[in-house]
Amino acid sequence: MRKLVIAAALSATLLTVQGCSSTSIPNPFEPAPPASVNEVYYGEFRDVPIPSDMSEQTKYTAVSQNSDGSKTGTQVFEGRIDRQSLVNAMIHNMTRQGWALRSVFRGQRSVLLFEKGDRNAIIGITDGQAYSTLEVWVAQRLPEGAGVSTGAGTASEGTYPTGNFSVAPNAPAPSGGGVKEQGLSQ
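Residues numbered from 1 in each chain as written. Predicted model: local features only at pLDDT ≥ 70, side-chain atom pairs only at ≥ 80, totals over all residues. Heavy atoms only, no water.

(A) Broad picture of the overall build of the protein chain. Broken down by element type, the protein chain carries 2 helices and 13 strands. Here the protein chain holds 186 residues, and 24% of them are scored as buried. Sequence-distant contacts, at least 24 apart, represent 41% of the contacts inside the protein chain between residues at least 6 apart. Entry remark: accessible area of the protein chain is about 12,600 Å², with carbon and sulfur atoms responsible for 54%. (Helix = DSSP H or I, 4+ residues; strand = E, 2+ residues; numbered from the N terminus. Buried < 20%, exposed > 50% of the residue type's maximum accessible area, 1.4 Å probe, protein only. Contact = heavy atoms within 4.5 Å. Areas by Shrake-Rupley, 256 points an atom, 1.4 Å probe, with all protein chains shown as cover.)

As structure tokens, then:
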């Protein structure tokens, strides 16, 4: 009789376990499967598609509008998407928008460099513990030979497509390689 009770209990347990295994209880620690790569929305940059599973982290957004109406700056997004899936989705969607992929670095932090017209876009994708982070940087490319130059002991002003700026006009240029320690006491 005792063997019969044990066999009945074992059978009931197996049936219960088998019934539970067919339910679809999601694991909260696994990234959600990404939506279709074609499900996107557009943030500040009208030609940079963002996967619909990503949400903007506004505290890290810094975008400015140039005099010609174009925008430059950075936007940061987070979402529960596998890093490799996000890399593939960004390559797919950016090329569909006319961006040319110029460089790829894949690793724990992946970086994609795109070019379109006179603009560059740098896409940084990082795996986190619960979320992947997507950083989008868009900037106008500087004209050939542009840059801040130092000559005759002074820093110079520069004119760039986004307007005028000055870097310490008429300030003496540091000697000895351009870097000088300050405020260090022992």
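(B) Highlighting the environment of Leu112. Note on placement: Leu112 falls in strand 7 (residues 109–116). Overall, Leu112 belongs to the buried group, its relative accessible area being 0%. Discounting residues that sit within four places of it in the chain, Leu112 has contacts with Val87, Met90, Ile91, Leu101, Ser103, Val104, Ala121, Ile122 and Ile123.

(C) Here's a closer look at a nonpolar patch on the surface. Together, Leu113, Ile122 and Trp137 line one region of the surface with nonpolar side chains, adding up to about 260 Å² of accessible area. If you trace the backbone, Ile122 turns up in strand 8 (residues 119–127). By relative accessible area, Ile122 is classed as partly exposed at 39%. (Patch = residues over 30% accessible without salt bridge, like charges linked within 9 Å, V, L, I, M, F, W, Y side chains within 5 Å. Salt bridge = Lys/Arg side-chain N within 4 Å of Asp/Glu carboxyl O.)

(D) Molecular detail of the pattern of salt bridges. Tallied over the full model, the rule gives 7 salt bridges. The salt bridge partner of Arg102 is Glu115, with a shortest N-O separation of 2.6 Å. Within this pair, whereas Arg102 is found in strand 6 (residues 100–105), its partner Glu115 is found in strand 7, the two being separated by 13 residues in sequence. A relative accessible area of 23% places Glu115 in the partly exposed class. A salt bridge links Arg109 to Glu135, with the shortest nitrogen-to-oxygen separation between them at 3.2 Å. Within this pair, whereas Arg109 is found in strand 7, its partner Glu135 is found in strand 9 (residues 132–140), the two being separated by 26 residues in sequence. Put simply, Asp47, Lys116 and Arg119 are held in one network by salt bridges that share partners.

(E) Structural context of the packing of aromatic side chains. Under the criterion given, the structure shown has 1 aromatic pair. Ring centres of Tyr41 and Phe77 lie 6.4 Å apart, and the angle between their planes is 75°; this geometry places the pair in the edge-to-face category. Separated by 36 residues along the polypeptide, Tyr41 in strand 1 (residues 40–42) and Phe77 in strand 5 (residues 71–79) bring together distant segments of the chain. Phe77 sits in the buried class, given a relative accessible area of 0%. (Phe/Tyr/Trp six-rings, centres within 6.5 Å; stacked < 30°, edge-to-face > 60°.)

(F) Representation of the side chain of Gln140 in the model. By the element assignment, Gln140 lies in strand 9. Classification of Gln140 by relative accessible area gives buried; the value is 14%.

(G) Just the pairing of strand 5, in detail. Burial of strand 5 is extensive: 7 of the 9 residues sit out of reach of the surface. Two strands pair when backbone bridges link them, and strand 3 (residues 55–56) and strand 5 are joined in this way by 2 bridges, in the antiparallel orientation. Pairing of Ser55 across the sheet is with Glu78, part of strand 5. Relative to strand 5, strand 4 (residues 62–65) runs antiparallel, the two being bridged by 4 bridges. By the bridge assignment for strand 5, Gln65 is matched with Lys71. From the end of strand 4 to the start of strand 5, which pair antiparallel, there are 5 residues, and Gly69 there has a positive phi angle of about 95°. Relative to strand 9, strand 5 runs antiparallel, the two being bridged by 7 bridges. Bridge assignment links Gln75 to a residue of strand 9, and that residue is Val136. (Pairing = 2+ DSSP bridges.)

(H) Molecular detail of the environment of Gln57. Relative to the elements of secondary structure, Gln57 occurs in the loop between strand 3 and strand 4. For Gln57 and Leu134, which are 77 residues apart along the polypeptide, the C-alpha to C-alpha distance reads 9.8 Å. At 3.4 Å, the side chain of Gln57 and the backbone oxygen of Ser55 are in polar contact. (Polar contact = N/O pair within 3.5 Å; in protein donor to acceptor, adjacent residues only side chain to side chain.)

These results come straight from atomic positions and should not be treated as a statement about function.
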